[in-house]
Amino acid sequence: MIYKGRYKNYLKSKEWQKKRLIVLDRDNHQCTYCSKSDTLQVHHLYYVNGRPDLTPLKHLITVC
């Protein structure tokens, strides 16, 4: 798994921000579980080889 410092940097990256927006749009800016639309985050269901940057979009979901 990516070390905490590198993971924090990844979450600030343009690459992650682009993926995050794609997932939020795909999920209609609503929580996948309860359909709420406040305080949303994009959550990794699985990591590929412990690397969140390799996670495909199908393994990312919107949660509140």
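Everything below is about the structure printed above this text.
Enquirer: Explain the nonpolar core to me, using residue names and the numbers behind them.
Expert: In terms of nonpolar packing, the biggest core is built from 8 residues, these being Y10, W16, V23, L24, C31, L40, V42 and L60. Those residues in contact with V42 that sit more than four places away from it in its chain are W16, R20, V23, L24, L60, I61 and T62.

Enquirer: Hey, could you go over the pattern of salt bridges for me, with residue numbers and the actual values?
Expert: Proximity of charged atoms lets side chains of opposite charge pair with each other. Under the counting rule described, the total for this entry stands at 2 salt bridges. When the shortest N-O distance is used, the salt bridge between D27 and R26 registers 3.0 Å. Exposure remark for D27: the relative accessible area of 17% places this residue in the buried category. Its relative accessible area of 40% is what places R26 among the partly exposed residues. One salt bridge in this structure joins D53 and R51, with 2.6 Å as the shortest N-O distance.

Enquirer: How would you explain a nonpolar patch on the surface if you had to name every residue and give the values?
Expert: Nonpolar side chains collect at one region of the surface, where Y33, L45 and Y46 lie side by side and expose about 380 Å² of accessible area between them. Inspection of the secondary structure puts Y33 in the loop between α2 (14-26) and β1 (41-44).

Enquirer: Break down the side chain of T55 for me, citing the residues and quoting the values.
Expert: Following the sequence through the fold, T55 ends up in the loop between β1 and β2 (60-63). Judged by relative accessible area, which is 0%, T55 ranks as buried. Reaching out from T55, the side chain makes a polar contact with the backbone oxygen of Y46 at a distance of 3.3 Å. Excluding residues within four positions of it along the chain, T55 makes contact with K19, H44, Y46, Y47, V48 and L60.

Enquirer: Quick rundown of the packing of aromatic side chains? Include the residues and the values.
Expert: Counted according to the given criterion, the structure contains 1 aromatic pair. Between Y10 and W16, the aromatic rings sit 5.7 Å apart at their centres with planes inclined by 50°, giving tilted as the arrangement. A relative accessible area of 4% means that W16 is categorised as buried.

The rules behind the values
Residues numbered from 1 in each chain as written. Predicted model: local features only at pLDDT ≥ 70, side-chain atom pairs only at ≥ 80, totals over all residues. Heavy atoms only, no water. Core = buried A, V, L, I, M, F, W, Y, C linked by side-chain atoms within 4.5 Å. Buried < 20%, exposed > 50% of the residue type's maximum accessible area, 1.4 Å probe, protein only. Contact = heavy atoms within 4.5 Å. Salt bridge = Lys/Arg side-chain N within 4 Å of Asp/Glu carboxyl O. Patch = residues over 30% accessible without salt bridge, like charges linked within 9 Å, V, L, I, M, F, W, Y side chains within 5 Å. Areas by Shrake-Rupley, 256 points an atom, 1.4 Å probe, with all protein chains shown as cover. Helix = DSSP H or I, 4+ residues; strand = E, 2+ residues; numbered from the N terminus. Polar contact = N/O pair within 3.5 Å; in protein donor to acceptor, adjacent residues only side chain to side chain. Phe/Tyr/Trp six-rings, centres within 6.5 Å; stacked < 30°, edge-to-face > 60°.

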